[in-house]
Amino acid sequence: MGIIEKAPLYIEKFPGGSVVTTSLESALNWSRASSQWYLLFGLACCAIEMMATGASRYDFDRLGMFFRASPRQADLMMVCGTVTHKMGKRVKILYDQMAEPKYVLAMGGCATNGGPFYYDCYSVLKGVDKVIPVDVYIPGCPPRPESLLQGCLKMREKIYSQKLKDFASDSKMV
Amino acid sequence: MNKEQIENKITQKFGSAIEIQKTKNPEPFIYVSIEKYIEVCEFLKTDPDMCFEYLFQLGGVHYPDDRFEIALTLSSHKHKHELVLKVKLPHDNPKAPTATTVWEAANWYEREAMELFGIQFEGHPDPRPLLLYDDWNYGYPMRKGWTGPDFIPMPDKTKGGDD
Ligand code: SF4
């Protein structure tokens, strides 16, 4: 990771340096939270609610969220729907292809823990957190667009509470 | 043709190879012995009174007492009637001749039944796995009593419990 992650560890040593890091931090967090472009990702019925949320009635655009059809341009992965074992591997590949910083939102019972397919099922992964780390879980089958929007607001809260130091890949250097 | 007419015509033609299952459904349910299976299929498709040119679905069935069956749902665009054809398969080594020679649509259905139930279809043109992931080697998941990785059986609700 780049200079921006390493720099605060050194700057903080100087007198008044923490003023710089906190302003940098809030600027970065603001930009990250206000333009979460999400990976278009519909695996099952929950995707219909996600589409409804993206459309004009609920409108993701007002949160600065647009869908991207490529993982290289996406910041947020919304896993909307049933993740099968077969798809789990592909989800992992897509997650690995996304650029840092990246966030994952698991929408619906299926992506959270297998949902209605928890018992007696040979094909469904019991939650997408078995293959990738998840930031926000949204329960429901399917969650209404309001819940999805609340999940996105929770995600923003989480991003605003990030510290620059959390991103420092090698904090032992200081 | 209505239900009775179809049943009578098939019974007349094939006699003891046919067994009619009594149901309340509007369409006839017919068991056919495995020796006459393809012959009956060809008859059902080509006979001008039957004309079942559309294979709706073909599925495997595994009963709790360890019997295997395949069930085909046929329909006719011309006469607007439907029919369910069932075949009982041998217990230990479930095997059937392929129906792709009659209906091309049977191809994927048979691949699915092959993979999920372990029913072999002899003479299938393309017997590759269809649905399960590539390195699957946990057997046939739709058979009764199957367990595998990450499989959680339904808890018995009648016994009570904390679920
Ligand atoms: S949680 Fe419910 S609505 Fe969402 S994908 Fe699963 S089954 Fe469909």
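This text goes with the structure placed above it.
Right, let's walk through the structure included here. (Residues numbered from 1 in each chain as written. Chains lettered and ligands numbered in written order. Predicted model: local features only at pLDDT ≥ 70, side-chain atom pairs only at ≥ 80, totals over all residues. Heavy atoms only, no water.)

1. Structural notes on the pairing of strand E3 (residues 54-62) of chain B
All names here are of chain B.
Then step 1. Looking at chain direction, E3 and strand E4 (residues 68-75) are connected through eight bridges and run antiparallel. Bridge pairing links histidine 62 to phenylalanine 68 in E4.
Then step 2. Connecting E3 to the antiparallel partner E4 that follows it, the hairpin turn spans five residues, and aspartate 66 within it adopts a positive phi of roughly 65°. (Pairing = 2+ DSSP bridges. Helix = DSSP H or I, 4+ residues; strand = E, 2+ residues; numbered from the N terminus.)

2. Remarks on the interface of chain B and chain A
Then step 1. Between chain B and chain A, the residue contacts involve 18 residues of the former and eleven residues of the latter.
Then step 2. Counting each side, the surface lost to burial between chain B and chain A is near 1,300 Å², with a carbon and sulfur contribution of 58%.
Then step 3. When residues of chain B are sorted by the area they lose upon contact with chain A, Tyr133(B), Asp150(B) and Ile152(B) head the list and together hold 45% of the total.
Then step 4. The interface formed by chain B and chain A includes one salt bridge.
Then step 5. Between Asp135(B) and Lys89(A) there is a salt bridge, with its nearest N and O atoms 3.1 Å apart.
Then step 6. For the interface between chain B and chain A, the tally reads five residue pairs in polar contact (both at pLDDT 80 or more).
Then step 7. Classifying every residue of the side of chain B that touches chain A by side-chain character gives 14 nonpolar, no polar and four charged. (Contact = heavy atoms within 4.5 Å. Buried area = accessible area lost by both parts, 1.4 Å probe. Salt bridge = Lys/Arg side-chain N within 4 Å of Asp/Glu carboxyl O. Polar contact = N/O pair within 3.5 Å; in protein donor to acceptor, adjacent residues only side chain to side chain. Nonpolar A, V, L, I, M, F, W, Y, C, P; charged D, E, K, R; others polar.)

3. Things to note about the site of the ligand
Residues and elements named next belong to chain A.
Then step 1. The full set of residues close to the ligand is Ala44, Cys45, Cys46, Gly81, Thr82, Gly108, Gly109, Cys110, Pro116, Gly140, Cys141 and Pro142.
Then step 2. Of all the elements, helix H5 (residues 108-113) adds the most residues to the shell around the ligand, at three residues.
Then step 3. Here the residues of the shell around the ligand sort into seven nonpolar, five polar and no charged. (Near = heavy atom within 4 Å.)

4. Describing the packing of aromatic side chains
Then step 1. Applying the stated rule across the entire model yields eleven aromatic pairs over all chains.
Then step 2. Measuring from ring centre to ring centre gives 6.4 Å for Tyr122(A) and Trp136(B), while their planes differ by 75°; the resulting arrangement is edge-to-face. Highlighted residues: Tyr122(A) in the loop between H5 and strand E5 (136-138) and Trp136(B) in the segment after strand E7 (120-122), drawn from two different chains.
Then step 3. Since its relative accessible area comes to 18%, Tyr122(A) is described here as buried.
Then step 4. For Trp136(B), a relative accessible area of 15% corresponds to the buried category.
Then step 5. Arranged with centres 5.2 Å apart and planes meeting at 90°, the rings of Trp136(B) and Tyr138(B) form a pair that is edge-to-face.
Then step 6. The residue whose ring lies beneath Arg68(A) is Trp37(A), and the NZ or CZ to ring-centre distance is 4.8 Å.
Then step 7. The ring of Tyr95(A) carries the charged tip of Lys102(A) above its face, separated from the ring centre by 4.3 Å. (Phe/Tyr/Trp six-rings, centres within 6.5 Å; stacked < 30°, edge-to-face > 60°. Buried < 20%, exposed > 50% of the residue type's maximum accessible area, 1.4 Å probe, protein only. Lys NZ or Arg CZ within 6 Å of the ring centre and 35° of its normal.)

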